Amino acid sequence: MKLSIFTLNIWGLKFVSKNRKARVRALADSLTNNGYDIVCLQELWCGDDYKYLKASCENVFKYIHYFHSGLLGSGMCIMSRYPIIDVHYHSFTLNGYLHMLMHGDWFGGKGVGLCRINVKGFIVDVYTTHLHACYNASNDKYAIHRALQAYETANFIRVTSTDSDLAVLAGDLNSNPNDICYKLICVGANMNDSYSACSNNSIEYTFSHPQNSYKDPKEVTERIDYILYKFNKRNLVVVNEHRHSLPHRVPEQDFSYSDHEPIEAVFDISENAVNIEKNITFNTDLNFENEFLNVLNTLKNICNEKAVINPLISLWHSIYFLIICVLLSMYFLPVSFTYTIFFIPLFIFVIIYNLVIICTEQNCIRGFYHRIETLFCNQ
């Protein structure tokens, strides 16, 4: 049996993304005409876009689920030709900052979504996620957030996919293949990359592709979107194709479907009646533990409480601000009144907000360390 899975970060930011409505309409036409079985979408932020895609595609994809989360929604959606028999969503414990309005990750309530799908008797767990973006590679203040998100994604898949015939993660990891986040998910969830598993592979880059109309010359060309998979010994799964299944530009238009490139992986699934071990690559428990520990040790160097800094205003700046307020209050009565009714409360709010963020991050890191100790150090 063949199973085609498609994934795309559609870049659906209202007021920001260029040609958004036209791209969504072009995408709807392509999704209904290209024979995909399961579609995973990210950055589907606008309600009108989701409604349009659902109305346009529901004749082909009779089972559609949007993962509502956070203030704006997770932006993630799974559409399937086959019945969705169960749904679950895990929200990330760290997901950016409220005050970083232009980044907006906090408002989306990002996480990892799961749709369990019955594909002609095979139980297929389809996961989709969108890890926190890196907005400044030279000073990435979200490295800890993205690393813990990758850890939670790997754990979530590992725990929930134990009884499925095939588990697939399709989404935007915002991490290249050399990044710790990519390695953590592959090793921690015991998943293979369709890119390396397929001999007929036509994927080069998925973001800032040279032929993408929205390519920014300042952006690095990378592969950050993936279709990862694993399966159990009862079955044989082969990746027949791994490709960009849509052209780099919308037909008869001068723009692309998104600033990301779409990916399609075509799987061939069959029962492994004779349990042919030589055709399957599995990690043994020992190999899994050793590899996972090596990745976790690297992750522990990234995620430590000392790396948590004040994200809004430093302690020294807060002290300087308070001293200035006091000095001005001593010499200028009108200014003193102004500072009293406006700036002092604002100063107190900033301090409290900073303490909440710092304590939250530190507690999440402590929780990460505690889980590692519980799972590995006490064995």
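Just so we're clear, the structure is a prediction, and the values are computed from it rather than from any experiment.

Reading the values: the criteria
- Residue positions are counted from 1 within each chain, in the order its sequence is given.
- Per-residue local features are limited, in this predicted model, to residues with pLDDT of at least 70; the limit for side-chain atom pairs, both in listing and counting, is 80 or more; totals at the level of whole chains, interfaces and linings are taken over all residues.
- The basis for every side-chain value is the complete set of heavy atoms in the structure, and neither hydrogens nor water enter the calculation.
- Only DSSP runs of H or I reaching four residues or more are called helices, and only runs of E reaching two or more are called strands; each is numbered from the N terminus.
- Residue burial is assigned from relative accessible area. The probe radius is 1.4 Å, only protein chains are included, and a residue is buried under 20% of its type maximum, exposed over 50%, and partly exposed in between.
- By the convention used here, residues are in contact when the closest approach between their heavy atoms is within 4.5 Å.
- As a rule, the C-alpha atoms of each element are fitted with a line to give its axis, helices using only the stretch in contact, and angles between N-to-C directions run from 0 to 180 degrees.
- To sort the angles, those under 35 degrees are grouped as roughly parallel, those over 145 as roughly antiparallel, those from 65 to 115 as roughly perpendicular, and the leftovers as oblique.
- Should the near helix be turned anticlockwise from the far one by less than a right angle, the crossing is left-handed, and should it be turned clockwise, the crossing is right-handed.
- Any residue that is not Ala, Val, Leu, Ile, Met, Phe, Trp, Tyr, Cys, Pro, Asp, Glu, Lys or Arg is counted as polar, Gly included; the first ten are nonpolar and the last four charged.
- Confidence scores here are pLDDT values: one per residue, from the predictor, ranging 0 to 100.
- Criterion used throughout: strands pair if DSSP finds at least two bridges between them.
- Salt bridges, as used here, are contacts in which a Lys or Arg side-chain nitrogen is within 4 Å of a carboxyl oxygen on Asp or Glu.

## Structural notes on the environment of P262
- Looking at the element boundaries, P262 is found in the loop between β11 (235-243) and β12 (263-271).
- A relative accessible area of 2% means that P262 is categorised as buried.
- Sequence separation of P262 and S245 is 17 residues, and the distance between their C-alpha atoms is 6.8 Å.
- When residues no more than four places from it in sequence are discounted, the contact partners of P262 are F6, T7, L8, R243, H244, S245 and L246.

## Observations concerning the packing of helix α1 (residues 20-33) against helix α2 (residues 47-57)
- Contact pair α1 / α2: the axes reach a minimum separation of 9 Å and the direction vectors enclose 25°. Of the possible angle classes, the one that applies to α1 and α2 is roughly parallel. At the point where α1 passes α2, the crossing takes the right-handed sense. Touching R20, V24, R25, A28, L31 and T32 of α1 are D49, Y52, L53, S56 and C57, all from α2.
- Looking at the contact of α1 with α2 residue by residue, the classes come out as 6 nonpolar, 2 polar and 3 charged.

## Here we look at the confidence of the model for the protein
- Confidence along the protein averages 87 in pLDDT terms, with 84% of residues attaining 70 or more.
- Note on residues 278-282: pLDDT under 50 across the span, and 9 contacts to partners over four residues away in sequence or across chains.

## A short note on the packing of helix α4 (residues 143-160) against helix α5 (residues 180-188)
- At a minimum axis separation of 8 Å, α4 and α5 run at an interaxial angle of 15°. Between α4 and α5, the angle is such that the two are roughly parallel. Judged by the sense of rotation from one axis to the other, the crossing of α4 with α5 is right-handed. Across the interface between the two elements, R146, A147, A150, Y151, T153, A154 and R158 of α4 pack against C181, L184, I185 and G188 of α5.
- Grouping the amino acids of the contact of α4 with α5 by side-chain chemistry returns 7 nonpolar, 2 polar and 2 charged.

## Details of the sheet that holds strand β3 (residues 63-66)
- Strand order in this open sheet of 6 strands is β3-β4-β2-β1-β12-β11, and the pairing throughout is mixed. Sheet topology places β3 and β11 at the edges, where each strand pairs with a single neighbour. Neighbour to neighbour, the strand axes of the sheet diverge by 15° on average, direction disregarded.
- Packing against the sheet, α1 makes contact with β1 (2-9), β2 (38-42) and β4 (77-80), and its axis sits at approximately 170° to β1.
- Sheet contacts for α2: β2, β3 and β4; angle to β3, the most-contacted strand, approximately 170°.

## Re the pattern of salt bridges
- All chains considered together, the criterion is met by 10 salt bridges.
- A salt bridge links R146 to D140, with the shortest nitrogen-to-oxygen separation between them at 2.2 Å.
- Classification of D140 by relative accessible area gives partly exposed; the value is 21%.

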